Amino acid sequence: MERIELFDTTLRDGTQGEHVTLSATDKVRIAHRLDEFGIDVIEGGWPGSNPKDQEFFEKAGHEVWAHASICAFGSTRRADNPVESDPNLQAMLAANTPAVSIFGKSWLLHVEHALRVSKQKNLDMIAESVEYLARHGKRVIYDAEHFFDGYKDDPGYAIQTLYAAVAGGTDTLVLCDTNGGTLPGEIRKITEQVTSAFEHVTVGIHAHNDSGCAIANTLAAVESGARHIQGTINGIGERTGNVDLCAAIACLQLKMGFSCVSAGQLAQLADLSHFVDEVANLAPIDRMPFVGRSAFAHKGGIHVSAVMKEPRAYEHIDPGVVGNKRRVLVSDLSGQSNVRYKAKELGIDLNGRNEARRAVQRIKKLEHLGYEFQGAEASFELLLRTIRGEDTEMFTLDRLRVHSEQGESGLEWSEATVAVFVQGHRELAVGEGVGPVDALSKALQAALCHFYPRLEAVRLVDYKVRVLTPEDATAATVRVLIEHRDSGGDRIWHTVGVSKNIIEASWQALSDGIRYYLFHTQTLNKEVAEAARAD
């Protein structure tokens, strides 16, 4: 398998994306994960441009890298600076990295209007800057900025800029679609021209996604001879982002027969994607190809039925190859296949077609009312167990009351009173909180903790409300999703409630969350006790 060199610019180009902020420590953490994954070159930032990037290179210099080369980024020298005194070039050398990536102008628009230098002056700046860095022992990767726009404007001059970089000593010419406006057919044709002209130099591609073509452009360039790709994890970056390396690597290795990383490393792809989102404090995009939560999620009943018989019917690869997994969604589009698959995942044995049929009918009726079980699998499990006749109640509500006030100082205060029947007793408890749902949660736990002390480990950690019928204004139906977890963080579960009354919807989701935890811990305690008796 022919090798593709992987160049990651998450820590430089990726941080130029909106809402993306990484500390120097964050960058080091991500760099280590990229190194473990098998990335060949990690571009850490632009030394001298800001203190954060400078700090990263200082930290990186004290780290041990198993595979990757850390790379500093910068531009060719300024027109009025000799290379020996150019601050940008000196900062790149001071970063003390084995590799540097340096960009120069390929488009006459930039040469004449941005730099305001002659054509020859720009060529001299490229050649001298590359030569100076190479002479100091650096591997120089040359980024031909705006190359495709420059080539379409004046192909002869664009090619001349590449010859200048090669004359300076670069071993890699990277063709940049900096504005992201070039289409795959153009990428293919132009890259073929370049690879034919530079047979003894590695040609690379740096694609932006402004036309939604970054992945297609990257693959087209590789088909045309490029053997070095630049991108970011999850496609983060300037404007609409860079090419997503997760998708590019998977396509190149699984679809096109190139070697990028080992099979074991490829199986960490989804985990790497999620790790970068977590460190960057970004919400993962479920529909991301290969690594997204929805990438192998099946909702239509016909699809699920087919996948259960032969996964290839609706899955283009085995999810496990990229570290993902198959998911079956339950909704009003579900058939019995969906329900049976989910029940099997949950360890629930549906007896015959009747229970599955009743579950499908119940789910479709509830989803018509606004319930959503795709993000509330704990509520779905309770529904199945109830249909099977299992006891999941643990307690029943007698009444509840919620009272909220706001004082002159602006401080909010809420109090909830809950009366429940539990283990043959009527228990009344009061809870105070920063809002009505917080107060309700505390009141319910106070009412139950005497009977179920293990509830002290449960915490409500996320609460979401969605208005389902905005045309009804203040009488709108709302859907509430609640996330609970135990104090150890090992178990997380989600529940749902729907009502025109937001307190009622909150109570449904809240009480389902408590019932789910009590049911599972009660089952676990029984299993432990039975095992002890057997011993």
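Right above here is the structure, for reference.
Bear in mind that the values here come from a model prediction, so they are computed numbers and not experimental data.

Visitor: Looking at this structure, I do not really get helix α16 (residues 377–387). What am I missing?
Guide: Residues spaced three or four apart along an α-helix point in a common direction, a consequence of the helix completing one turn every 3.6 residues. Buried residues dominate α16, accounting for nine of its 11 residues. Here α16 has its buried residues at Ala378, Ser379, Phe380, Glu381, Leu382, Leu383, Leu384, Arg385 and Ile387. The positive-phi residue at the C-terminal boundary of α16 is glycine 389, with phi of around 90 degrees.

Visitor: Looking at this structure, how should I read the pairing of strand β1 (residues 5–8)?
Guide: Each regular strand displays side chains that alternate between the two surfaces of the sheet. Burial along β1 is two-sided: Glu5 and Phe7 and Leu6 and Asp8, pointing in opposite directions, are all buried. Where β1 meets strand β8 (residues 228–231), four bridges bridge the pair, whose relative direction is parallel. Bridge assignment links leucine 6 to a residue of β8, and that residue is isoleucine 229. Bridge count between β1 and strand β2 (residues 41–45): two bridges; the pairing is parallel. Bridge pairing in β2 links aspartate 8 to isoleucine 42. Assessed by its sense of winding, the connection that carries the chain from β1 through helix α1 (residues 24–37) to β2 is right-handed.

Visitor: Looking at this model, I keep getting lost on the environment of glycine 433. Mind explaining?
Guide: With respect to the helices and strands, the residue glycine 433 is situated in strand β13 (residues 425–433). Under the relative-accessibility criterion, glycine 433 is labelled buried at 12%. Each C-alpha atom, one on glycine 433 and one on serine 404, is 9.5 Å from the other, the two residues being 29 residues apart in sequence. Apart from the residues lying within four places of it in its own chain, the contact partners of glycine 433 are Trp413, Ser414, Asp438, Ala439 and Lys442.

Visitor: I would appreciate a short explanation of the packing of aromatic side chains in the present structure.
Guide: Each aromatic ring pair is summarised here by two numbers: the centre-to-centre distance and the angle between the ring planes. Under the definition given, this model contains nine aromatic pairs. Their ring planes at 85 degrees and their centres at 5.2 Å tell us that tryptophan 46 and phenylalanine 73 sit as a pair that is edge-to-face. Linking tryptophan 46 in the loop between β2 and α2 (51–60) with phenylalanine 73 in strand β3 (residues 69–75), this pair joins segments that are 27 residues apart in sequence. You can call phenylalanine 73 buried: its relative accessible area is 5%. Between phenylalanine 147 and phenylalanine 148 the ring centres are 5.8 Å apart and the planes differ by 80 degrees, which places this aromatic pair in the edge-to-face class. Grouping residues by exposure puts phenylalanine 147 and phenylalanine 148 together as buried. Over the ring of phenylalanine 275 we find arginine 33, and its NZ or CZ is 4.4 Å from the ring centre.

Visitor: Would you take a moment to explain the side chain of aspartate 26 for this structure?
Guide: For aspartate 26, the location among the structural elements is in helix α1. Buried within the structure, aspartate 26 lacks any salt-bridge partner; arginine 29 is the closest side chain of opposite charge, at an N-O distance of 4.6 Å. A polar atom in the side chain of aspartate 26 sits 3.0 Å from the backbone nitrogen of serine 23.

Visitor: What am I meant to see in the nonpolar core here?
Guide: Looking at soluble globular proteins, one finds that nonpolar side chains tend to be buried together. Residues Tyr142, Phe147, Leu162, Ile229 and Ile249 are the most contacted members of the largest nonpolar core, which totals 90 residues. Beyond its immediate stretch of four places on either side in the chain, isoleucine 229 contacts Ile4, Glu5, Leu6, Phe7, Ile205, Thr218, Val222, Leu245, Ala248 and Leu252. Membership of the second largest hydrophobic core comes to 33 residues, among which are Ala429, Val480, Leu510 and Tyr516.

Cut-offs used in this document
- Residues numbered from 1 in each chain as written.
- Predicted model: local features only at pLDDT ≥ 70, side-chain atom pairs only at ≥ 80, totals over all residues.
- Heavy atoms only, no water.
- Buried < 20%, exposed > 50% of the residue type's maximum accessible area, 1.4 Å probe, protein only.
- Helix = DSSP H or I, 4+ residues; strand = E, 2+ residues; numbered from the N terminus.
- Pairing = 2+ DSSP bridges.
- Right-handed = clockwise from strand over helix to strand, strands pointing away.
- Contact = heavy atoms within 4.5 Å.
- Phe/Tyr/Trp six-rings, centres within 6.5 Å; stacked < 30°, edge-to-face > 60°.
- Lys NZ or Arg CZ within 6 Å of the ring centre and 35° of its normal.
- Lys, Arg positive; Asp, Glu negative; His and termini not counted.
- Salt bridge = Lys/Arg side-chain N within 4 Å of Asp/Glu carboxyl O.
- Polar contact = N/O pair within 3.5 Å; in protein donor to acceptor, adjacent residues only side chain to side chain.
- Core = buried A, V, L, I, M, F, W, Y, C linked by side-chain atoms within 4.5 Å.

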